[in-house]
Amino acid sequence: EDQVTQSPEALRLQEGESSSLNCSYTVSGLRGLFWYRQDPGKGPEFLFTLYSAGEEKEKERLKATLTKKESFLHITAPKPEDSATYLCAVPSNDYKLSFGAGTTVTVRA
Amino acid sequence: DAGVIQSPRHEVTEMGQEVTLRCKPISGHNSLFWYRQTMMRGLELLIYFNNNVPIDDSGMPEDRFSAKMPNASFSTLKIQPSEPRDSAVYFCASKQGAHSPLHFGNGTRLTVT
């Protein structure tokens, strides 16, 4: 069965303090890995898709990387507005996404 | 683009009552998904439709849950009768194509007392 594990569960950062979130997965035949951001009271918002080991995607202070067994979401010089829960997900087939439990990031000014 | 629209945003009901959640997917998207999110279990896929046809309902917890998609712009998730353990946030999501990302609505927070 496909599994997605995220760590840490929670991350408290000072503004400007860079860090990384981890998403490890076991899936038969990777069809891509998705990163989402979820703010309180809202639905997950799509950030990135990564398809192959070595691929990197960037958006503002966020950079996602992918290896054969895990993905990292690097937050560079975070700001308070980067506070959110970050979810990763992998497809089990063409349509079904399995989500990790998420990492809740809190950035203090 | 208005995004995926869900209604109501909040629903409070008593145990045993029928609950209907509604979803309007993004125009042009041919796949629609219903997810449930709780602190204990995270995001769980309940059912998904492709071109208005239910493809996989293996995540629907019990016969008390049913979902319909009468046309490409509307779907409902019904719980009858509701129970306190059904309390959760229910999300609808849609996408176009097998490898495109899911777009989520802002959810319906259901509380069953």
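Residues numbered from 1 in each chain as written. Chains lettered and ligands numbered in written order. Predicted model: local features only at pLDDT ≥ 70, side-chain atom pairs only at ≥ 80, totals over all residues. Heavy atoms only, no water.

1. Topic: the sheet that holds strand β1 (residues 3-7) of chain A
Residues and elements named next belong to chain A. The strand order β1-β3-β8-β7-β6 describes an open sheet built from five strands, whose pairing is antiparallel. Two strands lie at the open edges of the sheet, namely β1 and β6 (56-59), each paired on one side alone. For this sheet, the mean angle separating the axes of adjacent strands, direction not counted, is 15°. Pairing geometry for β6 and strand β7 (residues 62-66), over four bridges, is antiparallel. When the bridges of β7 are listed, Lys59 appears paired with Leu62. (Pairing = 2+ DSSP bridges. Helix = DSSP H or I, 4+ residues; strand = E, 2+ residues; numbered from the N terminus. Axes fitted to C-alpha atoms, helices over the stretch in contact; angles between N-to-C directions.)

2. Describing the interface of chain B and chain A
Facing 21 residues of chain B, the contacting portion of chain A comprises 17 residues. For the pair chain B and chain A, the two sides together bury roughly 1600 Å², of which 56% comes from carbon and sulfur. Joining chain B to chain A, the criterion identifies zero salt bridges. Viewed at the interface, chain A and chain B are joined by four residue pairs in polar contact (both at pLDDT 80 or more). Among the elements of the structure, β4 (31-38), β5 (42-50) and β9 (88-95) of chain B are those that each provide at least two residues to the side of chain B that touches chain A. (Contact = heavy atoms within 4.5 Å. Buried area = accessible area lost by both parts, 1.4 Å probe. Salt bridge = Lys/Arg side-chain N within 4 Å of Asp/Glu carboxyl O. Polar contact = N/O pair within 3.5 Å; in protein donor to acceptor, adjacent residues only side chain to side chain.)

3. Notes on the sheet that holds strand β8 (residues 74-79) of chain B
All names here are of chain B. The four strands lie next to each other as β1-β3-β8-β7, forming an open sheet whose pairing is antiparallel. The open sheet terminates on both sides in strands that have one partner only, identified here as β1 (5-7) and β7 (65-71). Ignoring which end each strand starts from, the neighbouring axes of this sheet average 15° apart. When β7 meets β8, the two strands line up antiparallel, connected through five bridges. Bridging from a neighbouring strand, Lys68 pairs with Thr76 of β8.

4. Details of the nonpolar core
Membership of the largest hydrophobic core comes to 23 residues, with the highest contact counts inside it found for Leu21, Leu33, Trp35, Leu73, Tyr86 and Val105 of chain A. Looking at this core, the elements that each hand over two or more residues are β2 (10-14), β3 (19-26), β4 (33-38), β5 (45-50), β7, β8 (70-75), β9 (84-91) and β11 (103-108) of chain A. Counting residues per element, this core draws most heavily on β9 of chain A, which supplies four residues. With residues near it in sequence (within four places) discarded, Leu73 of chain A still touches Ser19, Ser20, Leu21, Trp35, Phe48, Leu62, Lys63, Ala64 and Tyr86 of chain A. Cys23, Met60, Met69 and Val112 of chain B belong to the second largest nonpolar core, which has 21 residues in total. (Core = buried A, V, L, I, M, F, W, Y, C linked by side-chain atoms within 4.5 Å. Buried < 20%, exposed > 50% of the residue type's maximum accessible area, 1.4 Å probe, protein only.)

5. A look at the layout of surface pockets
Space inside the largest pocket adds up to approximately 1300 Å³. As for the largest pocket, its lining consists of 45 residues, of which Ala101 of chain A together with Thr38, Arg41, Gly42 and Leu43 of chain B are closest to the centre. Here the second largest pocket defines a volume of roughly 230 Å³. Taken together, 17 residues make up the lining of the second largest pocket; nearest its centre are Gly3, Val4, Phe104, Gly105 and Asn106 of chain B. A breakdown of the residues in the lining of the second largest pocket according to their chemical character gives eight nonpolar, seven polar and two charged. (1 Å grid on protein atoms, 1.4 Å probe; cavity = no way out; pocket = protein on both sides within 12 Å on 5 of 7 lines; lining within 4 Å. Points joined across faces, edges and corners; volume = space filled by probe spheres on them. Nonpolar A, V, L, I, M, F, W, Y, C, P; charged D, E, K, R; others polar.)

6. Some remarks on the state of the cysteines
Evaluation of the coordinates by the stated rule reveals two disulfides over all chains. Between the sulfur atoms of Cys23 of chain A and its disulfide partner Cys88 of chain A the distance amounts to 1.9 Å. Between Cys23 of chain A and Cys88 of chain A the sulfur-sulfur dihedral comes to about 80°; the bridge is accordingly right-handed. Linking Cys23 of chain A in strand β3 with Cys88 of chain A in strand β9, this pair joins segments that are 65 residues apart in sequence. As far as the burial class goes, Cys23 of chain A and Cys88 of chain A line up, both buried. At a sulfur-sulfur separation of 1.9 Å, the disulfide partner of Cys23 of chain B is Cys92 of chain B. The chirality of the disulfide connecting Cys23 of chain B with Cys92 of chain B is left-handed, given an S-S dihedral of about -65°. Residue Cys23 of chain B is found in strand β3 (residues 19-24), and its partner Cys92 of chain B is found in strand β9; the two are separated by 69 residues along the sequence. (Disulfide = S-S within 2.5 Å.)

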